[in-house]
Amino acid sequence: MAEVTLKNITRSFGPDVALDDVSMTVPDGSFVVLLGPTGAGKTTTLRMVSGLDVPDSGEIYIGDTPMNGLTPAQRNVAMVFQQYSLYPHMTVRENLEFPLKSPLLNTPPDQIQRKVGEVAEVLQISHKLDNKATALSGGEMQRVSIGRALVRNPAVYLMDEPLSSLDAKLRSDLRIELKGIQADSGATLLYVTHDQIEAMTMATHVGVLDHGRLVQFGTPREIYEDPVSVYAASRLGQPRINIVPADLFGTAPSGAASMGLRPEQIRQGAGQESLVTRVEHLGDQTRLHLFFREHDLITVTDPHTALKSGDIVQIEPHQPFYFNADGARIA
Amino acid sequence: MVTSTLERAAEATPPGAARRIKGLSDRAIAWIFVAPSIFLLLAVNIFPLIWTINLSFTNFKANRNREVEYIGLRNYERILTDADTWATMQATAHFLFWTIAVQVLIGFTLAYLINKKFKGNDMWTTIIVLPMMLSPAVVGNFWTFLYQPQIGLFNYVVAFFTGADASSFSMIGEVALAPWAIVIVDTWMWTPFVMLICLAGLRSIPESIYEAAECDRASKWRQFWTITIPMVLPFLMLAVLFRGIENFKMFDLVVQLTGGGPGNTTTLTSIDLKREAFEKWRTGYASAYAVILFVTVFGLASIYVKALNKVKER
């Protein structure tokens, strides 16, 4: 396992700038999640590290070795593709064996058997080993494709939305499983998703990408509690952060154009009156939809609240985030 | 007018055909639709086949008005013990084996090269495919000129590269060369077809599979043998099937080119059959001959299709 360093990576596809001067360090043994909507450059970043695509400028290091000009095979990376990319003419077992049978590794047959068995066990596909890869459900294919990466011991694991096509139960199982595998083996993992729960639960570090630029890199807590911009703040948090005009509740710091209020930054029971428009009981939490001076706000409240729509609640901001007109954080 | 979703759906759906054509069941209507094709199939395929089998047991001659006698398996016996027939069978086998082998090899190679992304590969595809679009009779005629010992381009090119005298050999006039002459022309004409099918196969392999293999540290060589070949194989086998059946029936091209000669060296079974049936007018004998060929092609094709399905299921 090794540290991965990206230095000033830029990549354009025609007029579209996919990556714009991205620099980051994926520490050895960390689980880094790249977060951002479609087109933010997440997948492109993975492809740069894997060697399937080359940057227009900038350098990539795995460990201390510069990767310029090296093929994916030479880089020793394992990648899980969003579209599975299984070998359709092979069985599940043959798919899992394929990377181990690389002449570069020269794995003895009994070790291949053992490794494939172990990984199939973890991913709950042992009973499907002799099925053809195309005779599987989407979720099973996705697990095989994860398995094909896990059988190896690469410098870095690259995963492109590996859990996106699984059902909710399996997804949460595999989240824990993947995190466990990574923590136990000390593997370095670069993981792309737009699911913030995956980011919050698995990541040691989160990189927030916006139109090819890395806008913030830090632990999930850092990004949640200390976002650098409206954009970064909006990536994490359920329910989403409320963005309202800076002076909605009164005075604002000079230069502030908007104010960000996470649910815990809206204090209830004191301050100014707002109207409850909807109460959503989700079991473990209850969401409160409020209407305050022509603005909708969403916050959470006591799960067993007696509030109902039409009620009046007093609210006041508590240590909110302030952003300037460009969306950058100023306080 | 206020209507429920259900009513609107009922309105949009035409009433059952059965109700419009009064007194007919759905089953009867189904038969009406299928009947024309069944009739056509019976008239032009099944009936002639049965009639041919019937004639194959007789001494019927279509140009004579004499009493037809049933002579049992005599026709079959005569065909299968005739050395000349076996010679044409052998010529056909030679033709089939070499045309298919060479066309698959060159066709696949061309497809593999064309599939690489380079400038103008669409134009090259069109150019390569041109021979296939010509009429076989025209191609046959045209190549007789190319093979002409004195003025033929083919002889000239061979002479240019080997230094041999251009007029010292005649591709369609010599017993040793004529079987190869027809193989060359058929290959020239039909390799593009094999290429197109292989190209379809190659294009059906998603790029991402190669990317996965790349990350799985498979060399280009290993990718070729473990991904490209197995995934193109069903297409290749299909190409072989098409070319095999087509060439078993080969007639026009070879008749134009060599007329079956010199001697009987390029007399393929279809040419022989035509002579028996419409030159010698041995209708009964030719019928038996046709039945034998039919059983051979049908049998081989069935075995082959089974193998093809097995490959596809893998």
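Residues numbered from 1 in each chain as written. Chains lettered and ligands numbered in written order. Predicted model: local features only at pLDDT ≥ 70, side-chain atom pairs only at ≥ 80, totals over all residues. Heavy atoms only, no water.

Where an unreviewed UniProt entry is consulted, chain B appears under the name Carbohydrate ABC transporter membrane protein 1 (CUT1 family), with the organism given as Aliiruegeria haliotis. Within the UniProt record for chain B, the comment given under Sequence similarities (unreviewed entry) is "Belongs to the binding-protein-dependent transport system permease family." Recorded under Subcellular location (unreviewed entry), the UniProt text for chain B is reproduced unchanged: "Cell membrane". (UniProt positions renumbered as here; feature names shortened; annotations may be inferred.)

Under the annotation held in an unreviewed UniProt entry, chain A carries the name Carbohydrate ABC transporter ATP-binding protein (CUT1 family) and is attributed to Aliiruegeria haliotis. In the Sequence similarities (unreviewed entry) part of its UniProt record, chain A is described as follows: "Belongs to the ABC transporter superfamily."

1. Brief notes about the overall build of chain B
Summing up its helical and strand segments, chain B has 14 helices and zero strands in all. Written out in order from the N terminus, the α and β elements of chain B read α-α-α-α-α-α-α-α-α-α-α-α-α-α. Relative to the globule expectation of 20 Å for 314 residues, the C-alpha radius of gyration of chain B, 27 Å, shows a markedly less compact shape. By its C-alpha atoms, chain B is 95 × 75 × 35 Å across when sized along the principal axes. Out of the 314 residues belonging to chain B, those deemed buried represent 39%. (Helix = DSSP H or I, 4+ residues; strand = E, 2+ residues; numbered from the N terminus. Rg over C-alpha atoms; globule rule 2.2 N^0.38 Å. Buried < 20%, exposed > 50% of the residue type's maximum accessible area, 1.4 Å probe, protein only.)

2. Topic: helix α3 (residues 26-55) of chain B
Its 30 residues give α3 of chain B an end-to-end C-alpha distance of 40 Å, which sits within 8% of 44 Å, the value for a rise of 1.5 Å per residue. Along α3 of chain B, the sharpest change in direction is near 45 degrees and occurs at Leu42 of chain B. (Expected span 1.5 Å × (residues − 1). Bend = angle between axes of the 7 residues up to and from the residue.)

3. Side note on the interface of chain B and chain A
Contacts between chain B and chain A engage 18 residues on the former and 27 residues on the latter. Taken together, the two surfaces of chain B and chain A that pack against each other cover about 1,900 Å², and 58% of this comes from carbon and sulfur. Looking at the side of chain B facing chain A, the largest losses of area belong to Cys215, Asp216 and Arg217 of chain B, adding up to 39% of the total buried there. Taken together, the connections running from chain B to chain A amount to three salt bridges. A salt bridge links Arg148 of chain A to Asp216 of chain B; the shortest N-O distance between them is 3.5 Å. Summed over the shared surface of chain B and chain A, the result is ten residue pairs in polar contact (both at pLDDT 80 or more). At the level of secondary structure, the elements contributing two or more residues to the side of chain B that touches chain A comprise α10 (207-215), α11 (220-248) and α14 (283-313) of chain B. (Contact = heavy atoms within 4.5 Å. Buried area = accessible area lost by both parts, 1.4 Å probe. Salt bridge = Lys/Arg side-chain N within 4 Å of Asp/Glu carboxyl O. Polar contact = N/O pair within 3.5 Å; in protein donor to acceptor, adjacent residues only side chain to side chain.)

4. Comments concerning the packing of helix α7 (residues 136-146) of chain B against helix α8 (residues 153-162) of chain B
Residues and elements named next belong to chain B. Interaxial distance between α7 and α8 falls to 5 Å at its minimum, and their mutual angle equals 45 degrees. Considering the angle they form, α7 stands oblique to α8. On α8, the residues that touch Trp143, Phe145 and Leu146 of α7 are Leu153, Phe154 and Asn155. Across the contact of α7 with α8, the residue classes tally to five nonpolar, one polar and no charged. (Axes fitted to C-alpha atoms, helices over the stretch in contact; angles between N-to-C directions. Parallel < 35°, antiparallel > 145°, perpendicular 65-115°, else oblique. Nonpolar A, V, L, I, M, F, W, Y, C, P; charged D, E, K, R; others polar.)

5. Section: the sheet that holds strand β10 (residues 213-218) of chain A
Residues and elements named next belong to chain A. If you walk across this open sheet you meet the six strands as β6-β7-β8-β3-β9-β10, and the pairing is mixed. Looking at which strands have only one partner, the edges of the open sheet turn out to be β6 (77-80) and β10. The sheet shows a mean angle of 15 degrees between the axes of neighbouring strands, taken without regard to direction. The pairing of strand β3 (residues 31-35) with strand β9 (residues 205-210) spans four bridges and is classified as parallel. Note that in β9 the partner of Leu35 across the bridge is Val208. Those strands touched by helix α1 (residues 42-50) are β3, β6, β7 (156-160), β8 (189-193) and β9, and its axis lies near 150 degrees from that of β7. Docked against the sheet, helix α5 (residues 138-150) engages β6 and β7, running at close to 175 degrees with respect to β6. (Pairing = 2+ DSSP bridges.)

6. Here's the deal with the UniProt feature "domain: ABC transporter" (unreviewed entry) in chain A
As recorded in UniProt, the sites labelled "domain: ABC transporter" (unreviewed entry) are residues 4-236 of chain A. With 36% helix and 26% strand, the stretch residues 4-236 of chain A has end C-alpha atoms that lie 24 Å from each other.

7. A word on the UniProt feature "domain: ABC transmembrane type-1" (unreviewed entry) in chain B
The feature "domain: ABC transmembrane type-1" (unreviewed entry), as given by UniProt, occupies residues 89-304 of chain B in the numbering adopted here. Segment residues 89-304 of chain B splits into 74% helix and 0% strand. End C-alpha atoms: 20 Å apart.

8. Quick word on a nonpolar patch on the surface
Residue and element names in this part refer to chain B. Taken together, Trp31, Phe33, Val34, Ile38, Leu41, Leu42, Ile46 and Ile50 make up a surface patch of nonpolar side chains, about 790 Å² in accessible area. Take Ile46: it is sitting in helix α3. Note on Ile46: relative accessible area 35%, which makes it partly exposed. (Patch = residues over 30% accessible without salt bridge, like charges linked within 9 Å, V, L, I, M, F, W, Y side chains within 5 Å. Areas by Shrake-Rupley, 256 points an atom, 1.4 Å probe, with all protein chains shown as cover.)

9. Regarding the nonpolar core
If you look at the biggest cluster of nonpolar residues, it comprises 114 residues, and the most contacted ones within it are Tyr191 of chain A together with Ile227 of chain B. Apart from residues no more than four positions distant in its own chain, Tyr191 of chain A is found in contact with Phe31, Val32, Val33, Leu34, Met159, Pro162, Leu163, Leu178, Glu198 and Met202 of chain A. Judged by nonpolar contacts, the second largest core, of 20 residues, contains Trp143, Ile182, Met189 and Leu257 of chain B. (Core = buried A, V, L, I, M, F, W, Y, C linked by side-chain atoms within 4.5 Å.)

10. Topic: the side chain of Thr92 of chain B
Looking at where Thr92 of chain B falls in the secondary structure, it is placed in helix α5 (residues 83-115). Only 3.1 Å separates the side chain of Thr92 of chain B from the backbone nitrogen of Thr269 of chain B, close enough to count as a polar contact.

11. What about the confidence of the model for chain A?
For chain A, mean pLDDT is 89; residues scoring 70 or higher make up 100% of the total. Taken element by element, the predicted model of chain A shows its lowest mean pLDDT in helix α6 (residues 168-185) of chain A (86) and its highest in β3 of chain A (93). (pLDDT = per-residue confidence, 0-100.)

12. Remarks on the packing of aromatic side chains
Using the criterion set out here, one finds 24 aromatic pairs over all chains in the structure. On the numbers, 4.4 Å between centres and 50 degrees between planes, the contact of Tyr87 of chain A with Phe98 of chain A is tilted. With a gap of eleven residues between them, Tyr87 of chain A in the loop between β6 and α3 (92-97) and Phe98 of chain A in the loop between α3 and α4 (109-122) connect regions that are remote in the sequence. Judged by relative accessible area, Phe98 of chain A falls into the buried class, the value being 3%. The structure contains a cluster of three or more aromatic residues connected by ring pairs, namely Phe108, Tyr112, Trp221, Phe224 and Trp225 of chain B. In this arrangement the basic side chain of Arg235 of chain A is found over the ring face of Tyr231 of chain A, its NZ or CZ atom lying 4.3 Å from the centre. Sitting over the face of the ring of Phe98 of chain A, Arg222 of chain B holds its NZ or CZ atom 4.0 Å from the ring centroid. (Phe/Tyr/Trp six-rings, centres within 6.5 Å; stacked < 30°, edge-to-face > 60°. Lys NZ or Arg CZ within 6 Å of the ring centre and 35° of its normal.)

13. A few points about the domain arrangement of chain A
All names here are of chain A. Along its sequence, chain A is carved into domain 1 (4-232) and domain 2 (243-330). Once you take the C-alpha centre of each, domain 1 and domain 2 turn out to be 37 Å apart. At the interface, eight residues of domain 1 touch nine residues of domain 2. Buried area between domain 1 and domain 2, both sides added, is near 670 Å², and the carbon and sulfur share of it is 53%. The largest per-residue losses of area from domain 1 upon contact with domain 2 belong to Tyr224, Pro227 and Val230, which jointly make up 70% of the total buried on that side. Inspection of the region where domain 1 meets domain 2 yields one salt bridge. The residue Arg329 makes a salt bridge to Asp226 at a minimum N-O spacing of 2.8 Å. In this assembly, domain 1 and domain 2 are joined by six residue pairs in polar contact (both at pLDDT 80 or more). Element by element, the count of residues in the side of domain 1 that touches domain 2 is highest for helix α8 (residues 220-225), at three residues. Grouping the constituent residues of the side of domain 1 that touches domain 2 by class yields five nonpolar, one polar and two charged. (Domains from an automatic or database assignment.)

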